[in-house]
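Report on the structure
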Amino acid sequence: REPGGNSVLIDFAMWLTDNYSSDTMAEWILDNTEVYFVPIVNPDGYEYNMPNGGNQRKNMNFSVPVPSSGIDLNRNYGYMWGYDDYGSSPNPYSETYRGSAAFSEDESQVMRDFTDALDPIASMNYHTYGGHLLFPWAYNNTPTPDQSTFESWGAAMTQYNGYNYGRCGQCLGYNANGDAVDWSYWS
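Residues numbered from 1 in each chain as written. Predicted model: local features only at pLDDT ≥ 70, side-chain atom pairs only at ≥ 80, totals over all residues. Heavy atoms only, no water.

Bringing the nonpolar core into the picture now. By size, the foremost hydrophobic cluster in this structure holds eight residues: Y77, Y79, F103, M111, W137, Y139, A180 and W183. Non-local contacts of W137, meaning those with residues more than four positions away in its chain, are made with Y79, T142, P143, T144, R167, D182, Y185 and W186. (Core = buried A, V, L, I, M, F, W, Y, C linked by side-chain atoms within 4.5 Å. Buried < 20%, exposed > 50% of the residue type's maximum accessible area, 1.4 Å probe, protein only. Contact = heavy atoms within 4.5 Å.)

Shown next as structure tokens:
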């Protein structure tokens, strides 16, 4: 459902490598940081979307109680998983079905293990719905201790694209729990 996110990551990776010898920012990033890209976290959902119109949000885990339901991987992370039934759903028919437990899905387990092994100082999660740059907390729409930093980054990152930035509740009008953004920040 969100192929634009992987396009942005691939374009950024190409920009870094193509401009390393001619752009001081690309050179600085590659010389002074470690950058890891995971362009697709939901490969089976992505594959299903290619010929079918791009509307599959959840993974293709059809072993859940409802045939062809799947799990919303961005509600399957461990921080505040299942906090309430508004920011994710216990109902397999729902588009925001969180799964049977935090990290119940192979995809979110791989991301957890990969992130834990790296212990990064920052991460970004790309989604292509609605032109928003979201930061924590999504589960209850309250500021984190780093709110001013997120706002500063948000202003810089959206100055040319016109996106709005803020917490999920601010930008989208609803909360999300068990999501990758909150888990990445918390862990």
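After presenting the structure, the write-up continues.
Next up on the list: the environment of A102. Note that A102 resides in the loop between α3 (43-52) and α4 (106-118). A residue is classified by how much of its surface remains accessible, and A102, at 31% relative accessible area, is partly exposed. Sequence spacing of A102 and G178 is 76 residues, and the spatial spacing of their C-alpha atoms is 7.4 Å. If we skip the residues at most four places from it in the chain, A102 touches N76, Y77, G78 and W81. (Helix = DSSP H or I, 4+ residues; strand = E, 2+ residues; numbered from the N terminus.)

Further remarks concern a nonpolar patch on the surface. Taken together, the side chains of V8, M124, Y126, W153 and M157 make up a nonpolar region of the molecular surface, amounting to roughly 480 Å² of accessible area. You can see M124 is positioned in the loop between α4 and β1 (132-134). A relative accessible area of 46% places M124 in the partly exposed class. (Patch = residues over 30% accessible without salt bridge, like charges linked within 9 Å, V, L, I, M, F, W, Y side chains within 5 Å. Areas by Shrake-Rupley, 256 points an atom, 1.4 Å probe, with all protein chains shown as cover. Salt bridge = Lys/Arg side-chain N within 4 Å of Asp/Glu carboxyl O.)

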